[in-house]
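Structural overview for review
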Amino acid sequence: MKHVKKSQVKSAIVELDGDEMTRVLWAMVKEQLLFPFLDMDLDYYDLHVKHRDETGDQVTVDAARAVERHGVGVKCATITPNAARVEEYKLKKEWKSPNGTIRGILDGTVFRTPILVKNISPSVRNWTRPITIGRHAYGDLYKNSEIRVDGPGRAEIVFTPDRGAPVRKLIENFQGPGIVQGIHNTDASILSFARACFTYGLDQKMDVWFATKDTVSKTYDTRFKEIFEQEYEQNWKEKFRSLGLNYFYTLIDDAVARIMRSEGGMLWACKNYDGDVMSDMLASAFGSLALMTSVLVSPRRCFMYEAAHGTVQRHYYKYLEGEKTSTNPMALIFAWSSALKKRGELDGSPDVIRFGEALEDASRKTIEAGIMTGDLVKLVAPDEHRRQVDSEAFLAAIKTRLESKLMTS
Ligand SMILES: NC(=O)c1ccc[n+]([C@@H]2O[C@H](COP(=O)([O-])OP(=O)(O)OC[C@H]3O[C@@H](n4cnc5c(N)ncnc54)[C@H](O)[C@@H]3O)[C@@H](O)[C@H]2O)c1
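Throughout what follows, the structure given in this document is the object of discussion.

**Structural notes on the overall build of the protein chain**
- Each helix and strand counted, the protein chain has 14 helices and 18 strands in total.
- Relative to the compact-globule value of 22 Å for 409 residues, the protein chain shows a C-alpha radius of gyration of 23 Å, a close match.
- Looking at the protein chain residue by residue over its 409 residues, the buried ones come to 52%.
- If you take every contact in the protein chain between residues at least 6 apart in sequence, the share linking residues at least 24 apart comes to 77%.
- Split by element, the accessible area of the protein chain, about 19600 Å² in all, is 51% carbon and sulfur.
- If you average the places of the 57 positive and of the 56 negative side-chain charges in the protein chain, the two averages end up 2 Å apart.

This is the structure in structure tokens:
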């Protein structure tokens with residue numbers, strides 16, 4: 001057995017365990033790729049759906065508070081219960097999405113970045129660097145009020161202030177049937193989103209792009225544009241400039257056209273609906289959901305890393321029947337490596353940062369050597385070498401590379 005000196009992680013990392021196949025992989029990743037190489041203090045919270053049920057979901061709240069306290073957390077995928085899950089796990093009720101609860105407490109924004117490997121090319125050939133999406137996760141279409149109009153009549157928008165006279169505007173004088181929709185956002189939420197984007201852009205040393213349709217939506221979208229601009233000018237411009245970085249605003253249609261022609265490398269801040277659509281487009285264009293990482297960034301500078309995918313339920317049922325599955329652990333590994341790099345940066349521990357980088361490199365190189373899980377095999381060009389392995393063999397191949405990297409570094 002080769003001997004590699006363990007790195008010491010100085011401060012605690014908050015660990016949020018999860019459900020189903022990702023819970024199984026999570027334990028393997030720790031056993032194979034982390035514990036042999038690191039001494040770390042993990043502040044552990046078990047977000048298994050049964051434990052959330054038993055604690056009345058208090059464990060999720062406690063975990064979020066712990067991430068706030070320690071600054072860095074790493075989360076496994078978790079079940080968001082629906083009626084079928086209530087039945088399956090005999091739950092007391094349909095508990096809320098843990099991610100929603102944690103996001104609410106940390107007031108955070110989620111950023112998603114693809115993991116690039118040489119033998120899986122993005123559908124857009126010129127994308128040589130990852131494009132990160134930051135999606136505003138409050139309001140607009142997702143908190144709307146809608147009416148189906150049956151026949152002729154007048155639709156109005158009315159705001160009744162706590163003090164003062166109501167303000168009214170005509171939406172449409174309907175001559176026949178139709179539809180009406182009311183949406184909103186708040187200055188506080190938009191500002192918090194802008195701050196999270198600038199925090200993350202600076203942290204990752206990326207230009208920040210933002211786009212709306214302010215030429216058409218002269219009050220609503222213009223307010224987004226104004227808040228971003230004011231925040232950038234007042235609090236970020238000098239810091240960005242000193243690193244040679246930029247904030248770039250344009251119209252959403254222009255942004256889409258430019259992104260398609262770009263080489264990537266930017267953080268693309270998106271309004272709620274734009275982010276919903278564009279993140280799925282980017283995920284599929286870059287390859288696979290299992291190669292997409294996700295981080296929740298709070299404007300109070302705490303970071304929670306996770307995979308963008310869910311619990312991979314179908315594989316879990318096969319696993320329970322004793323089958324070996326070929327589930328892809330890449331995004332879970334990168335959640336850990338990113339959390340370790342951030343912990344190392346905050347603690348001033350270059351060896352922990354180096355370990356995080358070595359783990360990412362060993363994982364990428366394993367895929368680039370043609371050793372991969374089933375979901376990736378079909379993404380590799382037919383003339384490239386590839387060998388499908390199960391999750392355990394994939395992790396073992398990464399471990400071998402990691403060990404030799406750490407021995408020689
Ligand atoms: N962040 C989270 O915690 C999160 C996110 C999404 C879904 N979920 C939960 O996950 C459960 C399953 O949801 P779902 O099926 O919609 O999403 P999913 O991401 O688990 O699976 C979607 C599809 O992608 C494939 N896939 C995803 N990750 C993979 C991987 N690592 N390796 C190989 N294939 C992979 C699956 O086989 C499936 O076909 C649900 O209970 C849902 O609530 C959790």
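**Let's talk about the site of the ligand**
- Taken together, 19 residues surround the ligand, and among them Thr-78, Thr-80, Gly-310, Val-312 and Asn-328 come closest.
- His-309 places a polar side-chain atom, nitrogen or oxygen, 3.3 Å from a nitrogen atom of the ligand.
- Relative to its unbound accessible surface of 800 Å², the ligand loses 69% to contact with the protein.
- Here the residues of the shell around the ligand are counted per class, giving five nonpolar, nine polar and five charged.

**Describing unusual backbone geometry**
- At Asp-57, a residue that is not glycine, the phi angle is positive and equals roughly 70 degrees.
- Within the element layout of this structure, Asp-57 appears in the loop between α2 (49-54) and α3 (58-70).
- In this structure Asp-57 comes out as buried when scored by relative accessible area, which is 9%.
- If you check the backbone angles, Arg-301 has positive phi at about 60 degrees while not being a glycine.
- Mapping Arg-301 onto the fold places it in the loop between β15 (292-297) and β16 (303-307).

**Section: the sheet that holds strand β6 (residues 109-114)**
- Pairing in this open sheet of ten strands is mixed, and the strands run β4-β2-β5-β16-β15-β6-β7-β14-β12-β13 from one edge to the other. Edge strands, defined here as strands with exactly one partner in the open sheet, are β4 (42-46) and β13 (247-251). Taking each pair of neighbouring strands and ignoring which way they run, the sheet shows an average axis angle of 20 degrees.
- Sheet topology places β15 next to β16; five bridges connect them, and they run antiparallel. Bridge pairing links Val-295 to Tyr-305 in β16.
- Against the sheet, helix α9 (residues 272-286) contacts β6, β7 (132-135), β12 (208-212), β14 (267-270) and β15, and its axis sits at roughly 155 degrees relative to β7.

**Notes on the packing of aromatic side chains**
- Within this structure, the stated rule accounts for 20 aromatic pairs.
- When the centroid spacing of 5.2 Å and the interplanar angle of 45 degrees are considered together, the rings of Trp-26 and Trp-336 count as tilted. Residue Trp-26 is found in helix α1 (residues 20-34), and its partner Trp-336 is found in helix α11 (residues 330-347); the two are separated by 310 residues along the sequence.
- Here Trp-26 falls in the buried class, since its relative accessible area comes to 1%.
- Given the relative accessible area of 0%, Trp-336 is considered buried.
- When the ring of Tyr-316 is compared with that of Tyr-317, the centres are 6.4 Å apart and the planes differ by 45 degrees; the resulting orientation is tilted.
- By relative accessible area, which is 33% here, Tyr-317 ends up partly exposed.

**Remarks on the pattern of salt bridges**
- Scanning the model with the defined rule gives 31 salt bridges in all.
- A salt bridge links Arg-52 to Asp-19, with the nearest nitrogen and oxygen atoms 2.8 Å apart. With Arg-52 in helix α2 and Asp-19 in the loop between β2 (13-17) and α1, this residue pair connects regions lying 33 residues apart in the sequence.
- Taking the relative accessible area as the measure of exposure, Arg-52 reaches 1% and is therefore buried.

**Quick notes on helix α8 (residues 252-261)**
- Buried residues of α8: Ile-252, Ala-255 and Ile-259, and no others. For α8, the angular spread of the buried residues around the axis is 50 degrees, confining them to a single face.
- Lining the buried residues of α8 we find β12, β13, β14 and α9.

**A word on the side chain of Ser-7**
- Secondary-structure assignment places Ser-7 in strand β1 (residues 7-8).
- By relative accessible area, which is 11% here, Ser-7 ends up buried.
- Sequence-distant contacts of Ser-7, that is, excluding residues within four places in its chain, are made with Phe-37, Leu-38, Asp-39, Asp-351 and Val-352.

**Remarks on a nonpolar patch on the surface**
- On the surface, Leu-141, Tyr-142, Tyr-273 and Val-277 cluster together into a nonpolar patch covering about 360 Å² of accessible area.
- Of note, Leu-141 is situated in the loop between β7 and β8 (145-149).
- On the basis of relative accessibility, which here comes to 35%, the residue Leu-141 falls in the partly exposed class.

**So, the state of the cysteines**
- Counted under the stated rule, the structure contains zero disulfides.
- Considering cysteine sulfurs only, Cys-302 is the nearest to Cys-76, which forms no disulfide, with 20 Å between them.
- On the accessibility criterion, Cys-76 (0% relative accessible area) is buried.
- Looking at the unpaired Cys-270, the closest cysteine sulfur is the one in Cys-197, lying at 8.9 Å.
- Given the relative accessible area of 1%, Cys-270 is considered buried.

Scoring rules and cut-offs
- Residues numbered from 1 in each chain as written.
- Predicted model: local features only at pLDDT ≥ 70, side-chain atom pairs only at ≥ 80, totals over all residues.
- Heavy atoms only, no water.
- Helix = DSSP H or I, 4+ residues; strand = E, 2+ residues; numbered from the N terminus.
- Rg over C-alpha atoms; globule rule 2.2 N^0.38 Å.
- Buried < 20%, exposed > 50% of the residue type's maximum accessible area, 1.4 Å probe, protein only.
- Contact = heavy atoms within 4.5 Å.
- Areas by Shrake-Rupley, 256 points an atom, 1.4 Å probe, with all protein chains shown as cover.
- Lys, Arg positive; Asp, Glu negative; His and termini not counted.
- Charge placed at Lys NZ, Arg CZ, Asp CG, Glu CD.
- Near = heavy atom within 4 Å.
- Polar contact = N/O pair within 3.5 Å; in protein donor to acceptor, adjacent residues only side chain to side chain.
- Nonpolar A, V, L, I, M, F, W, Y, C, P; charged D, E, K, R; others polar.
- Pairing = 2+ DSSP bridges.
- Axes fitted to C-alpha atoms, helices over the stretch in contact; angles between N-to-C directions.
- Phe/Tyr/Trp six-rings, centres within 6.5 Å; stacked < 30°, edge-to-face > 60°.
- Salt bridge = Lys/Arg side-chain N within 4 Å of Asp/Glu carboxyl O.
- Arc of directions from axis to C-beta.
- Patch = residues over 30% accessible without salt bridge, like charges linked within 9 Å, V, L, I, M, F, W, Y side chains within 5 Å.
- Disulfide = S-S within 2.5 Å.

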